[in-house]
Amino acid sequence: REGLRTTLARGDSWAGEQVNYHKDGQPLIESVVVAPIRQTDGRVSHFVELKQDITERKRAADEIHRLANFDSLTSLPNRRAGMGALERAWAASSRFEQALSVLVLDIDHFKRVNDSHGHDAGDAVLVELARRLTASLRQVDRLARFGGEEFVVAAPGIDLAGAAELAERLRRAVADEPFAGVGRVTASFGLAA
């Protein structure tokens, strides 16, 4: 908002977006253009403001972004977003000469879970698994669902020994507590540093 005031104080036009609220408290996202009206001597006599409601367009863009980048079942980043996170983590680890570990985990015999208990139960396992993995990671770690029952973790600042410890912690998070309606589930891990 400070940019708006500074721009208008110079007598220039300003364009941007702002959020206002309806009487019921719902947000209203607006595209705004404010332009000076000048007198014949060049002085600004007043400003005219043009607003357009772009709430639905922004919501649609946000939904497209969500669908393109996040798994609809677990709400984790999908393969596409996960690859982007891996690339950024790799670039940062190279730039700062910092260790980076990558862990891949796959639920063992997941087809049996779906065949024995149904796809709804399998989906519930994936959702709970995502929750358990997320709870077991640091804030800087990145978890993504790459597809099916395959998940990938990028763990910056962790060497191979640390990756092995992380894999064991994640293995326990998966296997130590039964999944509702399914029982115990195990996972296999691969790691690289």
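Going by the structure above, here's the rest.
The text that follows walks through the structure, step by step, so that each part is easy to find.

About the cut-offs
Residues numbered from 1 in each chain as written. Predicted model: local features only at pLDDT ≥ 70, side-chain atom pairs only at ≥ 80, totals over all residues. Heavy atoms only, no water. Pairing = 2+ DSSP bridges. Helix = DSSP H or I, 4+ residues; strand = E, 2+ residues; numbered from the N terminus. Axes fitted to C-alpha atoms, helices over the stretch in contact; angles between N-to-C directions. Contact = heavy atoms within 4.5 Å. Parallel < 35°, antiparallel > 145°, perpendicular 65-115°, else oblique. Nonpolar A, V, L, I, M, F, W, Y, C, P; charged D, E, K, R; others polar. Polar contact = N/O pair within 3.5 Å; in protein donor to acceptor, adjacent residues only side chain to side chain. Left-handed = near helix turned anticlockwise from the far one by under 90°. Buried < 20%, exposed > 50% of the residue type's maximum accessible area, 1.4 Å probe, protein only. Phe/Tyr/Trp six-rings, centres within 6.5 Å; stacked < 30°, edge-to-face > 60°. Lys NZ or Arg CZ within 6 Å of the ring centre and 35° of its normal.

## A look at the sheet that holds strand S2 (residues 27–38)
Spatial ordering of the open sheet is given by S1-S2-S3, a layout of three strands whose pairing is antiparallel. In the strand order of this sheet, the two ends are held by strand S1 (14–21) and strand S3 (44–53), each with one partner. Across this sheet, the average inter-strand angle for adjacent strands is 35 degrees, counted without regard to direction. Sheet topology places S2 next to S3; nine bridges connect them, and they run antiparallel. Looking across to S3, one finds that Ala35 is bridged to Val48. Of the strands in this sheet, S1, S2 and S3 touch helix H2 (residues 55–69), which is tilted by about 125 degrees from S2.

## Regarding the packing of helix H4 (residues 110–117) against helix H5 (residues 119–136)
For the pair H4 and H5, the least separation of the axes is 6 Å and the interaxial angle reads 135 degrees. When the interaxial angle is binned, H4 and H5 end up oblique. Residue-level inspection shows Phe110, Val113, Asn114 and His117 of H4 in contact with H5, the latter providing His119, Ala121, Gly122, Val125 and Leu126. The residue makeup of the contact of H4 with H5, split by class, is five nonpolar, four polar and no charged.

## Topic: the side chain of Thr55
Relative to the helices and strands, Thr55 is located in helix H2. Separated by 2.7 Å, the side chains of Thr55 and Asp53 make a polar contact. Those residues in contact with Thr55, other than ones at most four positions away along the chain, are Pro27, Leu28 and Ile29.

## Observations regarding the packing of H5 against helix H6 (residues 160–175)
For any two helices packed against each other, one specifies the inter-axial angle together with the distance between the axes. For the pair H5 and H6, the least separation of the axes is 9 Å and the interaxial angle reads 140 degrees. For the pair H5 and H6, the crossing hand works out as right-handed. Contact with H5, carried on its side by Leu129, Arg132, Leu133 and Ser136, involves Leu166, Arg169, Leu170, Ala173 and Val174 of H6 and no other residues of that element. Counted by class, the contact of H5 with H6 contains six nonpolar, one polar and two charged residues.

## Topic: the sheet that holds strand S7 (residues 187–192)
As summarised here, the arrangement of the four strands in space is S5-S6-S4-S7, forming an open sheet in which the pairing is antiparallel. The sheet terminates laterally at strand S5 (142–147) and S7, the two strands that pair on one side only. Along the sheet, successive strands turn relative to each other by an average axial angle of 20 degrees, direction set aside. Where S5 and strand S6 (residues 150–156) come together, five bridges link them in antiparallel fashion. Bridge pairing in S6 links Leu143 to Val153. Across the sheet, H5 touches strand S4 (100–107), S5 and S6, and the angle it forms with S4 is around 155 degrees.

## Looking at the environment of His119
Its location among the elements puts His119 in helix H5. Relative accessible area serves as the criterion here: at 55%, His119 is assigned to the exposed category. Taking the C-alpha atoms as reference points, His119 and Glu97, separated by 22 residues in sequence, lie 44 Å from one another.

## Some points on the packing of aromatic side chains
Using the criterion set out here, one finds zero aromatic pairs in the structure. It is Arg132 that lies over the ring of Phe179; its NZ or CZ is 3.8 Å from the centre.

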